[in-house]
Structures are given as structure tokens and as C-alpha cells.
Amino acid sequence: MVESAWERTLVVMPAFNEEESIGDVIREVFAKLPGMNLLVVDDGSVDDTARVARKAGAMVAVLPFNLGVGGAMRAGFKFAIERGYRNVVQIDADGQHDPASAPRLLEALESADLVIGARFAGEGEYRVTGPRKWAMRILAVTLSRTAGARLTDTTSGYRAAGPKAVAVFAAHYPAEYLGDTIEALVIAARSGCVIRQVPVAMRVRSGGVPSHDPGRAAAYLGRACIALLFALARPSSPGLVRDA
Amino acid sequence: METPSYIFGIVSAALVLGVVVELLRRRQLRERHALWWLVAGVLALIVGIFPSTLRWAAPLLGFELPINLVFFVSIGILVLVALQHSAELTLLESKTRVLAEQSALQDLRLRALEQQLALETAKKRQG
């Protein structure tokens, strides 16, 4: 049962200058999810990301320039549609997401169109404080209401999308900063996708550390709120609802 | 108004219009981008030739100094042009994004095809 779901599932891994970590992350995906289809979208890296990823055995789509996570993901969703994959799981290239949780996300897809791997829902130890925490709280409350489900970690990039969400995202996946997490949720909710969250443990990123500088955190809060306001204020585009 | 400044006004307005029309004629400027420049040029020409229109319109709109009306309209048109350009830029970016996606996906297909071809050629050589 799970195996057949895997055959029609594509893991999309957006990567921007990740030559140091991506090889290990790919090998880990193949080790924990044997036989999984893995597409790395090289988001205009200037380093050896694409070559390292190919060597590790992944399919690699190379974007000619940097489009941001959202841009890379839409290319991934388009690829999924083109090749007939039903589900797409997004896993970050920095090793923050443990591929071992992917089957749980996929299982949850049986009763939802979009599943978010949430960091604060009891598992793992991921802590944030200050403005970043407020931003996440505001986002969680507002987006939970929009989505009609309790969401605690709306900026998590660890997600699984079912066929309905894949179709919507292949056409409308925002490329703006934070749009890939926040606005994508609004778009999915508005086009009638059922959204759920599943607790997952996250690890410390293998490259770089999350910023604790209060100035940057405050800027993040501001940008998150602006992104949220725009996402909610946008007219739901007519092409969205009309499907299935 | 003194004659030199009267003539100077008309000549500059005509010059702007002339440049816009010439660019349009040579297809270096598309109509929809030229719209606001044409409006500005025509307005400037009218006001240049008939300064009385300005002296009539300014008090009507509550401007004490007629020249302020000129500044107001000029700045307004510049803002509109800048906005139009920002919107165009957004449109172009979204088109570029689609092209980038297509190029990435086609590159992927091409690689797969090349690989398959290489395999088959190798097989043929052996067999």
C-alpha cells in the first residue's frame, strides 16, 4: 500500500547553493525512503549543487537564475504534473527535515489535500522567541481560520501535496518572499483544499543557524504580516476554483 | 507673457511630441507605453500655444499660481508612468519565471533523452 503510494509520489527538493549538504541529504532520502522519486530543483546556484545532486542519484532541474523557494517549487509541481505524479512532498536541501517523517505526511494525505509537517506540535525541540514567535503566532491564528483547521506552524517548508493541491500549485505557486509558505496556504484553502498538519521533529540545519537577531526578527514579523495581508486581500483568481 | 518664453514653451512641447511620435514610428516604443507621454506632450502643447487655458483652469481648480497646476499635472503624469512601468516589470518577471521553468524542465528531458540514446548506441555497437 505504502509502496504504491511512493511510486506515484515525487519528492521535490529546492536547493540554492547547497553543495555541501545536499549530497548527504539526498542519500538520506534514498536510505529512508527506498525507491523514492526525487527531483532536486537547483534554484540558480552558482556552486556545484546540480552536479553533486546528480552524482547522488537525483533528477535535477536547473533553473537558469534564482527564483526563490516558491519559484523552484512551482517548477517542481509542473514537473510532477508533466510526469503524472499524484503527490508531491517538499523536503528542504539543508537537512532540516527528517525524511523518515515523509510516510506520515503521505498517510495524512489520504484525508487531506495539503499536509504540513509542523514543528511545534509536540515533537522535537525547536524553539523560537521574541518577534519571530509573535509573527508565527499571528500567522498561525489567522491562517488556521482561513484554512478551517488548527495550524501551528504555517512557515514550515516540510509539506505534502495531494493531486488537487498539486494541480493548483502547478499553476499558482507564489514566488515572493514568504509567499511560498503563507500565500500558498491561502491559495490552497481558497481553492477548496483540505489542509491538515502532522507533528514532525526538525533538526538543526546542517549549514547555517537560524537568526536570533531581534532586528531581523522584527523585520521578519513585518514582512510576514504584509505577506499575509496581501494574500488575504487578493481576489481569488477565477482559474483556481474551476477544477475537479 | 513675454515672447521668448512663449516660443520656448511651444518649442519644448513640440519637441517632446516629436520625439514620442518618431519613436513610435520607428517601433522603438509601443503604443501602450507611449500613451502617457502623448497625453503629456499634447497637454503641454495646448498650454504652450494657449496660455489663457492655464490661467482659466488654475483658479477653477483652486490653484493660486497657474504654474502650480503645471507642476501638479506633470508630477501626476510622471507618477502614473512610473506605476505603469512597475506593473509592466511585474508582468515581465512572471513571464520570465515561466520561461525559466520551461527551460529547466526541457533541459531535464533533453538529458534523459541523451542518456537513453547513448545507452542504445552502446547496445547497438555491442550487438
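Residues numbered from 1 in each chain as written. Chains lettered and ligands numbered in written order. Predicted model: local features only at pLDDT ≥ 70, side-chain atom pairs only at ≥ 80, totals over all residues.

Student: Sorry if this is basic, but what is going on with the overall build of chain A here?
Tutor: When helices and strands are counted, chain A shows ten helices and seven strands. When contacts within chain A are restricted to residue pairs at least 6 apart in sequence, long-range pairs at least 24 apart make up 77% of them. (Helix = DSSP H or I, 4+ residues; strand = E, 2+ residues; numbered from the N terminus. Contact = placed C-beta atoms within 7 Å.)

Student: Got a minute to help me understand the overall build of chain B in this structure?
Tutor: What chain B contains, in helices and strands, is four helices and zero strands. Helices (α) and strands (β) of chain B occur, in sequence order from the N terminus, as α-α-α-α. Whereas a compact globule of 127 residues would reach a radius of gyration of roughly 14 Å, chain B reaches 28 Å, over 25% beyond that. Along the three orthogonal principal directions, the C-alpha set of chain B runs to about 95 × 30 × 15 Å. Across the 127 residues in chain B, those meeting the buried criterion constitute 10%. (Rg over C-alpha atoms; globule rule 2.2 N^0.38 Å. Buried ≥ 20, exposed ≤ 12 C-beta atoms within 10 Å, placed from the backbone.)

Student: How do you make sense of the pairing of strand β3 (residues 59-63) of chain A when you look at a structure like this?
Tutor: Side chains on a regular strand alternate between the two faces of the sheet. All names here are of chain A. In terms of residue burial, β3 counts as a mostly covered element, since four of its five residues are buried. As paired strands, strand β2 (residues 37-43) and β3 are joined by five bridges and run parallel to one another. Bridge pairing in β3 links L39 to M59. (Pairing = 2+ DSSP bridges.)

Student: What exactly am I supposed to notice about unusual backbone geometry here?
Tutor: The phi torsion of most residues other than glycine is negative, and most of the peptide bonds are trans. Positive phi, normally seen in glycine, also occurs at N17 of chain A, with a value near 50 degrees. Considering the arrangement of structural elements, one finds N17 of chain A in the loop between β1 (9-15) and α2 (19-32). On the neighbour-count criterion, N17 of chain A (17 C-beta atoms within 10 Å) is partly exposed. Residue R27 of chain B is not a glycine yet carries a positive backbone phi of 60 degrees. One can find R27 of chain B in the loop between α1 (3-25) and α2 (31-49). Taking the number of C-beta atoms within 10 Å as the measure of exposure, R27 of chain B has 7 and is therefore exposed.

Student: I tried to follow the interface of chain B and chain A on my own but got confused; where do I start?
Tutor: It is common to give the size of an interface as the accessible area that goes away when the parts come together. Taken residue by residue, the interface counts eight residues in chain B and 14 residues in chain A. Residues belonging to the side of chain B that touches chain A are distributed by class as follows: four nonpolar, one polar and three charged. (Nonpolar A, V, L, I, M, F, W, Y, C, P; charged D, E, K, R; others polar.)

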